[in-house]
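Below are the chains, spelled out letter by letter.
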Amino acid sequence: MAIDPNFDQNREQVGEENGVAVWGPVEPPEKLGIHGTHVAVDYDICLADGACLENCPVDVFTWVDTPDHPVSETKVEPTNEDQCIDCMLCVDICPVDAIDVDPGREGRN
Ligand code: SF4
């Protein structure tokens, strides 16, 4: 299952963590929702592969701990999503399609 590219229409923004929007549903520790708006990471799909973080040319991502999440206990947070240059590398490289990038969503969080 890939991230829903229309999550901003299909989900509610339920808060903010590390400076990025969080889109529910969120029921920690099992369900953590989607983090970010322009650069969005589905935390319930992310398995902490790390290729996005290692290869992003402008260092958008940082690691965060997600203890007891059933898929992985760390995730990538798009803390610098405002720096994104829309190269789409992270979207293409993610092995589980957990990331969606859409500059049209910029500024909605
Ligand atoms: S699209 Fe490119 S610049 Fe933007 S977060 Fe992904 S890898 Fe980084």
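Shown above is the structure to which this text applies.
Given the structure is predicted, the values throughout are model-derived calculations rather than measurements.

## Some words on the overall build of the chain
Across its full length, the chain carries three helices and seven strands. Secondary structure elements of the chain, listed N to C terminal, follow the sequence α-β-β-β-β-α-β-β-α-β. Relative to its length of 109 residues, the chain is compact, with a C-alpha radius of gyration of 12 Å against a globular reference of 13 Å. Dimensions of the chain, computed from the C-alpha atoms along their principal axes, are close to 30 × 25 × 25 Å. For the chain, buried positions account for 42% of its 109 residues. Considering only residue pairs separated by 6 or more positions, the chain has 52% of its internal contacts joining residues 24 or more positions apart. Working note: accessible area of the chain is about 5600 Å², and carbon and sulfur atoms make up 45% of it. Separation between the mean location of the 5 positive side-chain charges and that of the 24 negative ones in the chain comes to 7 Å.

## A short note on the site of the ligand
Taken together, the neighbourhood of the ligand is formed by 13 residues, with Cys56, Cys84, Cys87, Met88 and Cys90 sitting nearest. Taken together, the residues of the shell around the ligand break down into 13 nonpolar, no polar and no charged.

## Remarks on the pairing of strand β1 (residues 13-17)
Note that β1 and strand β2 (residues 20-23) share four bridges and pair antiparallel. Paired with Gly15 across the strands is Val22, a residue of β2.

## Quick notes on the sheet that holds strand β3 (residues 34-35)
If you walk across this open sheet you meet the five strands as β1-β2-β3-β4-β7, and the pairing is antiparallel. Only two strands of the sheet have a single partner each, and these edge strands are β1 and β7 (99-101). One ladder, built from three bridges, connects strand β4 (residues 39-42) with β7; its direction is antiparallel. From the neighbouring strand, Val39 faces β7, where its bridge partner is Val101.

## Here we look at the state of the cysteines
Under the counting rule described, the total for this entry stands at zero disulfides. Sulfur of Cys94: no disulfide; nearest cysteine sulfur belongs to Cys52 and is 6.5 Å away. Judged by relative accessible area, which is 14%, Cys94 ranks as buried.

## What about the pattern of salt bridges?
Tallying each qualifying case throughout the model produces two salt bridges. Where Arg11 meets Asp42, a salt bridge forms, and the shortest distance between an N and an O atom there is 3.9 Å. Here Arg11, found in the loop between α1 (7-10) and β1, pairs with Asp42, found in strand β4; they are 31 residues apart in sequence, far enough to count as distant. Given a relative accessible area of 23%, Arg11 falls into the partly exposed group. A relative accessible area of 4% places Asp42 in the buried class. Residues Arg105 and Asp100 are paired through a salt bridge, measuring 3.0 Å at the closest nitrogen-oxygen approach. By relative accessible area, Arg105 is classed as buried at 2%.

## As for a negative patch on the surface
A cluster of acidic residues, Glu27, Glu30, Asp65, Asp68 and Glu73, forms a negative patch on the protein surface. Along the chain, Asp65 turns up in strand β5 (residues 62-65).

Scoring rules and cut-offs
Residues numbered from 1 in each chain as written. Predicted model: local features only at pLDDT ≥ 70, side-chain atom pairs only at ≥ 80, totals over all residues. Heavy atoms only, no water. Helix = DSSP H or I, 4+ residues; strand = E, 2+ residues; numbered from the N terminus. Rg over C-alpha atoms; globule rule 2.2 N^0.38 Å. Buried < 20%, exposed > 50% of the residue type's maximum accessible area, 1.4 Å probe, protein only. Contact = heavy atoms within 4.5 Å. Areas by Shrake-Rupley, 256 points an atom, 1.4 Å probe, with all protein chains shown as cover. Lys, Arg positive; Asp, Glu negative; His and termini not counted. Charge placed at Lys NZ, Arg CZ, Asp CG, Glu CD. Near = heavy atom within 4 Å. Nonpolar A, V, L, I, M, F, W, Y, C, P; charged D, E, K, R; others polar. Pairing = 2+ DSSP bridges. Disulfide = S-S within 2.5 Å. Salt bridge = Lys/Arg side-chain N within 4 Å of Asp/Glu carboxyl O. Patch = residues over 30% accessible without salt bridge, like charges linked within 9 Å, V, L, I, M, F, W, Y side chains within 5 Å.

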